Amino acid sequence: MDFNVKKLASDAGVFFNRAVQFTEEKLGQAEKTELDAHLENLIARADCTKNWTEKIFRQTEILLQPNPSARIEEFFYEKLDKKIPLRTTNGELLGQYMLDAARDFGPGTPYGSTLIIVGDYQRRLGGAEREFLQTSAINFLTPLRNFLEGDWRTISKEKRLLENRRLDLDVCKARLKKAKLAEAKAAAAPDFQETRPRNYVLSASASAAEHELRVAQTEFDRQAEVTRLLLEGISSTHVNHLRCLHEFVEAQAVYYAQCHKHMQDLQKELRRVPNAFTMSPSTSAVSAGPSGLSSGPPAGASPPPRPPVSPSGLERSTLKIEEVQPPATGTRKAKVLYDYDAHDTSELSLMADELITVYTVPGMDPDWLMGERGNKKGKVPVTYLELLS
């Protein structure tokens, strides 16, 4: 118990001396031992490596797992040294939903069969994403984490120890300096009654301070060498991280190549499936009603001639396009079969394969409809359209 008390008191004294030395250095009242330039450069390089490695590590985590709750869960699993459970990716989940929907809608329907195809490829994309996440975590994140939680902690510990040894050295230097000044002052103005005892005490104090300084210098030099060797290992850390970076980029390239291939294959599959929305329904081939409107010729044929304008000119004189409003009922969707350039401001230019809204206007020529696309509207020829149900 006595030994522990003495050790505690000794440690408290050392800590107090270091605190005083550090404070006086900050106030400019004490000298500070400077490290050699090479060691200072190594420390600066190590700090820079740590800061940027930490930022790259955190941002890569966010890239691979944007969900903060999932990242926290994975962090606890790692700290508890337990295996992280496999998590379904968003692509896999979307694909499963599409397959389930296809079963309810009916796999024989156009929509259901297409959902099956797209859902299958979404699951493949999700599987490729999971492989990319696993590969990146092993080949890139793990080495960065090992550096931050292993090598850097060791370096930080040795750096703190070096700083403490430097403070102890400067305390010994200040103590020796004070002892030398006291000895010189006593020699300059001796007390003839107690000259020998006082000089003896001052000389012994200076000798003890010199001994402490030699011990502190030795410990400081030894710790500086240990710290230097560790800091020089940062170069090998850069080499290791460079290799990991190449592996990360390679994993990204493989992942995106797989995604590109899956999407190309999906597009090819969809081209083989007949699209219901491009097929002419039976209702679009019949007369559109009393007005006698009907769908145009099939796509691929040459554009029909522009319908003639009514010679009476009734429409141009009585119909103002900007005042025309669509009816509450009776509007239909129509697919444009051919490109059409408007001949005047009352007509609407068309592009093949686009969808527009059409409706009839009382008094308009039966060969024409009123068409709307966004905030634009104008007359369009019926023969250039395929009316949809």
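Here the structure is a predicted model, which means the values were calculated and not measured. (Residues numbered from 1 in each chain as written. Predicted model: local features only at pLDDT ≥ 70, side-chain atom pairs only at ≥ 80, totals over all residues. Heavy atoms only, no water.)

A. Region of the structure containing unusual backbone geometry. Although it is not a glycine, Asp-353 sits at a positive phi angle of roughly 80°. Structurally, Asp-353 is set in the loop between β1 (332-336) and β2 (355-359). A residue is classified by how much of its surface remains accessible, and Asp-353, at 56% relative accessible area, is exposed. (Helix = DSSP H or I, 4+ residues; strand = E, 2+ residues; numbered from the N terminus. Buried < 20%, exposed > 50% of the residue type's maximum accessible area, 1.4 Å probe, protein only.)

B. Broad picture of the pattern of salt bridges. The final tally for this structure, using the stated rule, is 19 salt bridges. The salt bridge involving Lys-50 is made with Glu-54; its shortest N-O contact spans 3.3 Å. Of this pair, Lys-50 and Glu-54 both sit in helix α2 (residues 37-64), separated by 4 residues, roughly a single helical turn. Of the charged contacts, one joins Lys-261 and Asp-265 as a salt bridge, the two residues approaching to 3.0 Å between their closest N and O atoms. Here Lys-261 and its partner Asp-265 are both found in helix α7 (residues 234-272), 4 residues apart, which amounts to about one turn of the helix. (Salt bridge = Lys/Arg side-chain N within 4 Å of Asp/Glu carboxyl O.)

C. Focus on α2. Its 28 residues place the ends of α2 40 Å apart at the C-alpha level, agreeing with the 40 Å of an ideal helix rising 1.5 Å per residue. Those residues of α2 lying buried are Leu-39, Leu-42, Ile-43, Ala-46, Thr-49, Lys-50, Thr-53, Phe-57, Thr-60 and Leu-64. The N-capping residue of α2, defined by a side-chain oxygen 3.2 Å from the backbone nitrogen of His-38, is Asp-36. (Expected span 1.5 Å × (residues − 1). Polar contact = N/O pair within 3.5 Å; in protein donor to acceptor, adjacent residues only side chain to side chain.)

D. The arrangement of the pairing of strand β4 (residues 376-381) in detail. Sheet topology places strand β3 (residues 368-373) next to β4; 6 bridges connect them, and they run antiparallel. The residue bridging Glu-372 from the neighbouring strand is Lys-377, located in β4. (Pairing = 2+ DSSP bridges.)

E. A look at the nonpolar core. Leu-35, Leu-39, Phe-132, Leu-162 and Leu-231 are the most contacted members of the largest nonpolar core, which has 33 residues in total. A total of 14 residues in this core trace back to one element, the largest contributor, which is helix α5 (residues 110-188). Setting aside residues up to four positions removed in sequence, Leu-231 forms contacts with Leu-39, Leu-42, Ile-43, Ala-46 and Ile-155. Counting residues in each nonpolar core, the second largest holds 22 residues, with Leu-337, Tyr-340, Val-358 and Trp-368 among its members. (Core = buried A, V, L, I, M, F, W, Y, C linked by side-chain atoms within 4.5 Å. Contact = heavy atoms within 4.5 Å.)

F. Representation of helix α4 (residues 90-105) within the structure. Between its first and last C-alpha, α4 extends 22 Å over 16 residues, near the 22 Å set by a 1.5 Å rise per residue. All buried positions along α4 are accounted for by Gly-91, Glu-92, Gly-95, Met-98, Leu-99 and Ala-102. Taken down its axis, α4 places every buried residue within 120° of arc, on the same side. Exposed residues pointing more than 90 degrees away from the buried face of α4 are listed as Asn-90, Tyr-97 and Asp-104. Once α4 finishes, Gly-106 follows within two positions and takes phi at roughly 105°, a positive value. (Arc of directions from axis to C-beta.)

G. Just the packing of α2 against α7, in detail. Orientation of α2 relative to α7, taken along the N-to-C sense of each, is 20°, at an axis distance of 12 Å. Of the possible angle classes, the one that applies to α2 and α7 is roughly parallel. Taken as a pair, α2 and α7 cross one another with a handedness that is left-handed. Across the interface between the two elements, Arg-45, Ala-46, Thr-49, Thr-53, Thr-60 and Leu-63 from α2 touch Ile-234, Ser-235, His-238, His-241, Phe-248 and Gln-252 from α7. For the contact of α2 with α7, a count of residues per class yields 4 nonpolar, 7 polar and 1 charged. (Axes fitted to C-alpha atoms, helices over the stretch in contact; angles between N-to-C directions. Parallel < 35°, antiparallel > 145°, perpendicular 65-115°, else oblique. Left-handed = near helix turned anticlockwise from the far one by under 90°. Nonpolar A, V, L, I, M, F, W, Y, C, P; charged D, E, K, R; others polar.)

H. Spatial organisation of the environment of Arg-18. Position of Arg-18 among the secondary structure elements: in helix α1 (residues 2-26). With a relative accessible area of 19%, Arg-18 lands in the buried category. Those residues within four positions of Arg-18 in sequence are excluded, and the remaining contacts are Asn-164, Arg-165, Leu-167 and Asp-168.

I. Here's a closer look at the layout of surface pockets. Estimated volume of the second largest pocket: approximately 420 Å³. Lining the second largest pocket are 17 residues, and of these Gln-21, Glu-24, Asp-170, Ala-174 and Arg-175 lie nearest its centre. Secondary-structure elements contributing two or more residues to the lining of the second largest pocket are α1 and α5. Looking at the lining of the second largest pocket, the element that brings in the most residues is α5, giving 8 residues. Residue classes in the lining of the second largest pocket are distributed as 5 nonpolar, 4 polar and 8 charged. (1 Å grid on protein atoms, 1.4 Å probe; cavity = no way out; pocket = protein on both sides within 12 Å on 5 of 7 lines; lining within 4 Å. Points joined across faces, edges and corners; volume = space filled by probe spheres on them.)

J. Summary view of the packing of aromatic side chains. For the structure on display, the rule yields 8 aromatic pairs. Ring geometry for Phe-132 versus Tyr-255: centroids 4.9 Å apart, planes at 10°, classification stacked. With Phe-132 in helix α5 and Tyr-255 in helix α7, the pair connects residues that are 123 residues apart, well separated along the chain. Each of the two residues, Phe-132 as well as Tyr-255, counts as buried. Ring-pair connections join several aromatic residues into one group, and the members of that group are Phe-132, Phe-140, Phe-248, Tyr-255 and Tyr-256. Lying across the ring of Trp-52, Lys-55 places its NZ or CZ 4.6 Å from the centre. The ring of Trp-368 carries the charged tip of Lys-379 above its face, separated from the ring centre by 5.3 Å. (Phe/Tyr/Trp six-rings, centres within 6.5 Å; stacked < 30°, edge-to-face > 60°. Lys NZ or Arg CZ within 6 Å of the ring centre and 35° of its normal.)

Note that all results are geometric; they support no functional claim without further evidence.
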